[in-house]
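# A look at the structure
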Number of protein chains: 2
Amino acid sequence: MAVTLVQVDFPHPGPWGDEMAAAFEGLAMSIAQEPGFLFKYWTEDREKGIAGGIYGFASRAEAEAYLTMHSARLAGFGVTGIRGLVLEVNEPLSRIDRAPVL
Amino acid sequence: MAVTLVQVDFPHPGPWGDEMAAAFEGLAMSIAQEPGFLFKYWTEDREKGIAGGIYGFASRAEAEAYLTMHSARLAGFGVTGIRGLVLEVNEPLSRIDRAPVL
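Procedures and definitions
- Residues numbered from 1 in each chain as written.
- Chains lettered and ligands numbered in written order.
- Predicted model: local features only at pLDDT ≥ 70, side-chain atom pairs only at ≥ 80, totals over all residues.
- Heavy atoms only, no water.
- Pairing = 2+ DSSP bridges.
- Helix = DSSP H or I, 4+ residues; strand = E, 2+ residues; numbered from the N terminus.
- Axes fitted to C-alpha atoms, helices over the stretch in contact; angles between N-to-C directions.
- Contact = heavy atoms within 4.5 Å.
- pLDDT = per-residue confidence, 0-100.
- Polar contact = N/O pair within 3.5 Å; in protein donor to acceptor, adjacent residues only side chain to side chain.
- Salt bridge = Lys/Arg side-chain N within 4 Å of Asp/Glu carboxyl O.
- Buried < 20%, exposed > 50% of the residue type's maximum accessible area, 1.4 Å probe, protein only.
- Core = buried A, V, L, I, M, F, W, Y, C linked by side-chain atoms within 4.5 Å.
- Least-squares fit on C-alpha atoms with pLDDT ≥ 70 in both.

- As annotated in an unreviewed UniProt entry, chain A is Monooxygenase from Neotabrizicola shimadae.

Here is the structure:
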């Protein structure tokens, strides 16, 4: 299966870990319903004060639509300095390196 | 299983796709042997001229050691403008969102 990745990160002062999970459980359930959504890793670096996500989508169009919507949503949360990329997966190399959901 | 992600991207003029895969097949096989390595997505955005990778490692220490080594290797290839992050995974939220290899 082809997968398109979305890579997002932004400055984040916390919460982290279980406190973050409790605050955003509803959002996580909502994200799972987005068109073309396959998976999301919720990412965090407490030392650098960075949070974000690595997502898989079933198509580039759905990945781009999600990134546009989510960037606006983050801005609405007051988040600035968002860095978001839609990335194609090089399938032959990623298969050698055992990437999931390919 | 706990997984630590490594997120790397850098300016890249090509090659892309199958040509990239042919050029870096040996490196992909080598990366699969790194300590703690779980998987790598090889990522590319031809329009923006960006390539990189999203990796899973079994521990933060192994993820950090890989990023240090790989950043030096990329610099040796003449790559500049490398952006590399070691990111913890928020497991409760990532499980809701069906992240693989957790």
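## Side note on the sheet that holds strand 3 (residues 50-57) of chain B
- Taken together, the 8 strands give a closed barrel; going around it, the order is 1(A)-3(A)-2(A)-4(B)-1(B)-3(B)-2(B)-4(A), and neighbouring strands pair in antiparallel fashion. Shown here is a sheet whose adjacent strand axes are inclined to one another by a mean of 30 degrees, direction ignored.
- Across 8 bridges, the pairing between strand 2 (residues 37-45) of chain B and strand 3 of chain B is antiparallel. Paired with Asp45(B) across the strands is Ile50(B), a residue of strand 3 of chain B.
- Where helix 1 (residues 17-31) of chain B meets the sheet, it contacts strand 2 and strand 3 of chain B, and its direction lies at approximately 160 degrees from that of strand 2 of chain B.

## Quick notes on the environment of Phe10(A)
Residue and element names in this part refer to chain A.
- Of note, Phe-10 is situated in strand 1 (residues 4-11).
- C-alpha separation for the pair Phe-10 and Ala-51, spaced 41 residues apart in sequence, amounts to 5.7 Å.
- Not counting residues up to four positions away in its chain, the partners in contact with Phe-10 are Gly-49, Ile-50, Ala-51, Gly-52, Leu-74, Val-79, Thr-80, Gly-81 and Ile-82.

## Describing unusual backbone geometry
- Note that the residue after Gly14(A), namely Pro15(A), is joined by a cis bond; omega there is 5 degrees.
- Structurally, Pro15(A) is set in the loop between strand 1 and helix 1 (17-31).
- The phi dihedral of Val101(B) falls on the positive side, at around 60 degrees, and the residue is not glycine.
- The topology assignment puts Val101(B) in the segment after helix 3 (91-96).

## As for the confidence of the model for chain A
- For chain A, the mean per-residue pLDDT works out to 97, and 99% of the residues sit at or above 70.
- Here the predicted complex carries an ipTM of 0.97, next to a pTM of 0.96.

## Brief notes about the side chain of Ser94(A)
- Positionally, Ser94(A) belongs in helix 3 (residues 91-96).
- Side-chain polar atoms of Ser94(A) contact the backbone nitrogen of Trp42(B), separated by 2.9 Å.
- What Ser94(A) contacts, discounting residues up to four positions off in sequence, is Val89(A), Ala99(A), Leu102(A), Lys40(B), Tyr41(B) and Trp42(B).

## Some details on the pattern of salt bridges
Residues and elements named next belong to chain B.
- In the structure shown here, the tally under the stated rule is 10 salt bridges over all chains.
- Among the ionic pairs, Arg-60 bridges to Glu-88, the shortest N-O distance being 2.7 Å. Of this pair, Arg-60 sits in helix 2 (residues 60-76) while Glu-88 sits in strand 4 (residues 83-89), and the two are 28 residues apart along the sequence.
- A salt bridge links Glu-91 to Arg-95; the nearest nitrogen and oxygen atoms lie 2.9 Å apart. Of this pair, Glu-91 and Arg-95 both sit in helix 3, 4 residues apart, roughly one helical turn.
- With a relative accessible area of 46%, Arg-95 lands in the partly exposed category.

## Side note on the nonpolar core
- Counting residues in hydrophobic clusters, the biggest one holds 23 residues, and the most contacted among them are Val3(A), Leu5(A), Tyr41(A), Leu5(B) and Tyr41(B).
- Those elements that place two or more of their residues in this core are strand 2 (37-45), strand 3 (50-57) and strand 4 (83-89) of chain A together with strand 2, strand 3 and strand 4 of chain B.
- If sequence neighbours within four positions are ignored, Tyr41(A) has contacts with Gly52(A), Gly53(A), Ile54(A), Val3(B), Leu5(B), Phe39(B), Val89(B), Ser94(B), Ala99(B), Pro100(B), Val101(B) and Leu102(B).

## Details of the relation of the copies chain A and chain B
- Overlaying chain A on chain B yields an RMSD of 0.0 Å, the required transformation being a rotation through 180 degrees with an accompanying axial translation of 0.0 Å. One copy is carried onto the other by what is essentially a two-fold rotation axis. Distance from the rotation axis, computed per C-alpha, reaches its smallest value in chain A at Pro100(A): 3.3 Å.
- A shared binding surface is used by both copies, with 100% of the interface residues of chain A retained as interface residues in chain B.

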